[in-house]
Amino acid sequence: MEDAKPEGFEGFYISQAEPVPSRWTPEHVGESLVKAFRTLDRLPPVRGPREPGGHWVRHAIEWADQLAQAELPEDERRERAERQNERLLRPTGAEIKEMDLVLEWLRELRDADPGMALVTSLWALRAARHRSMKALCKERHWAPHTFYRKRAKALEHLAALLNARGISVF
C-alpha cells in the first residue's frame, strides 16, 4: 500500500523505501519537520490541572464522535482508525531527541525571519495532522502562492544552514 500524502505536501514526501540523502535537501528538511510534529502529537498529555473549557461529559463527546465516524465512507473511517492507533504508540527516546533537534531549527529560523518560521511551522503542523493547506491560507488571509513560496524559501534556508554546519542527515 502506498503511503498517503497529505494535501499541500507534493514534492515534500520521502518514502520509507528511499535512502536517506547524503546532504540535507529542502524535501528532507520538510519531511523531518512533519515527522517532528507527528512525534509531538504522540507524546502523552501534560499532567496537571485540566485545561479551561471543554467540560463535556467524556462519554457524550465519544458518542458524538462515534456518530460522526459512522457517517464517513469506509476507507476514510479505516484511515482515521489507523491514525488513531498511530497516536497511541508512544515515541521512543531517539524519536523525541530527533524531534527536539528539528524543532530547534524552527527557533533558529524565527531568529532569521519570523514570517518564514510562522509559515513553515503552521505548514508542518497541518501536514502532520493531515489538515488542509487551502483552509489554512483562507483562515490566515494568505495567498496560497505566497504561502508555498515562503515555505520553499524557508526549507531551502534550513537545508543550506544544516549543510553549512555539517550536521549529518538523519
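Please refer to the structure placed before this passage.
Residues numbered from 1 in each chain as written. Predicted model: local features only at pLDDT ≥ 70, side-chain atom pairs only at ≥ 80, totals over all residues. Heavy atoms only, no water.

A. Structural view of the overall build of the chain. Regarding its fold elements, the chain presents seven helices and zero strands. Secondary structure elements of the chain occur, N-terminal to C-terminal, as α-α-α-α-α-α-α. Going through the 170 residues of the chain one by one, you find that 30% of them count as buried. Here the analysis covers contacts within the chain between residues at least 6 apart in sequence; of these, 71% occur between residues at least 24 apart. Accessible area for the chain stands at about 11600 Å²; split by element, carbon and sulfur atoms hold 54% of it. (Helix = DSSP H or I, 4+ residues; strand = E, 2+ residues; numbered from the N terminus. Buried < 20%, exposed > 50% of the residue type's maximum accessible area, 1.4 Å probe, protein only. Contact = heavy atoms within 4.5 Å. Areas by Shrake-Rupley, 256 points an atom, 1.4 Å probe, with all protein chains shown as cover.)

B. View of the packing of aromatic side chains. Inspection of every chain in the model, using the stated rule, returns five aromatic pairs. Seen in terms of ring centroids, tryptophan 24 and phenylalanine 170 are 5.3 Å apart; in terms of plane orientation they differ by 85 degrees. Their pairing is edge-to-face. In this pair, tryptophan 24 sits in the segment before helix 1 (26-42) while phenylalanine 170 sits in the segment after helix 7 (144-165), placing the two residues 146 residues apart along the sequence. Among the residues examined, tryptophan 24 registers a relative accessible area of 3% and is labelled buried. On the basis of relative accessible area, phenylalanine 170 is assigned to the partly exposed category, the value being 29%. (Phe/Tyr/Trp six-rings, centres within 6.5 Å; stacked < 30°, edge-to-face > 60°.)

C. Structural context of the pattern of salt bridges. Throughout the structure, instances matching the rule amount to seven salt bridges. A salt bridge links glutamate 31 to arginine 38; the shortest N-O distance between them is 3.9 Å. A salt bridge links arginine 129 to aspartate 41; the shortest N-O distance between them is 2.8 Å. Within this pair, whereas arginine 129 is found in the loop between helix 5 (114-128) and helix 6 (133-140), its partner aspartate 41 is found in helix 1, the two being separated by 88 residues in sequence. (Salt bridge = Lys/Arg side-chain N within 4 Å of Asp/Glu carboxyl O.)

D. Summary view of the packing of helix 1 against helix 4 (residues 93-112). At a closest axis distance of 9 Å, the pairing of helix 1 and helix 4 adopts a crossing angle of 120 degrees. One way to sum up the angle between helix 1 and helix 4 is to call them oblique. Helix 4 is crossed by helix 1, and the crossing has left-handed handedness. Seen from helix 1, the contacting residues are Val29, Ser32, Leu33, Lys35, Ala36, Phe37, Thr39, Leu40 and Arg42; seen from helix 4, they are Glu95, Ile96, Glu98, Met99, Val102, Leu103, Trp105 and Leu106. Tallied by class, the residues present in the contact of helix 1 with helix 4 amount to 11 nonpolar, two polar and four charged. (Axes fitted to C-alpha atoms, helices over the stretch in contact; angles between N-to-C directions. Parallel < 35°, antiparallel > 145°, perpendicular 65-115°, else oblique. Left-handed = near helix turned anticlockwise from the far one by under 90°. Nonpolar A, V, L, I, M, F, W, Y, C, P; charged D, E, K, R; others polar.)

E. The arrangement of the nonpolar core in detail. Counting residues in hydrophobic clusters, the biggest one holds 30 residues, and the most contacted among them are Trp24, Val29, Leu33, Trp105, Trp123 and Phe147. Where this core is concerned, the elements lending two or more residues are helix 1, helix 4, helix 5, helix 6 and helix 7. In terms of residues, this core owes the most to one element, helix 5, which gives eight residues. In this structure, tryptophan 24 is in contact with Val29, Ser32, Trp105, Ala159, Leu162, Asn163, Ile167, Ser168, Val169 and Phe170, ignoring residues within four places of it in sequence. (Core = buried A, V, L, I, M, F, W, Y, C linked by side-chain atoms within 4.5 Å.)

F. Local environment of the environment of proline 21. Mapping proline 21 onto the fold places it in the segment before helix 1. With 147 residues separating them in the primary sequence, proline 21 and serine 168 have C-alpha atoms 9.9 Å apart.

G. Expanded view of the packing of helix 5 against helix 7. In contact at an axis separation of 9 Å, helix 5 and helix 7 are set at 100 degrees when each is read in the N-to-C sense. Considering their axes alone, helix 5 and helix 7 lie roughly perpendicular with respect to each other. Along its contact with helix 5, which presents Met116, Val119, Thr120 and Trp123, the element helix 7 presents Phe147, Lys150, Arg151, Lys153, Ala154 and Leu155. Looking at the contact of helix 5 with helix 7 residue by residue, the class counts come to six nonpolar, one polar and three charged.

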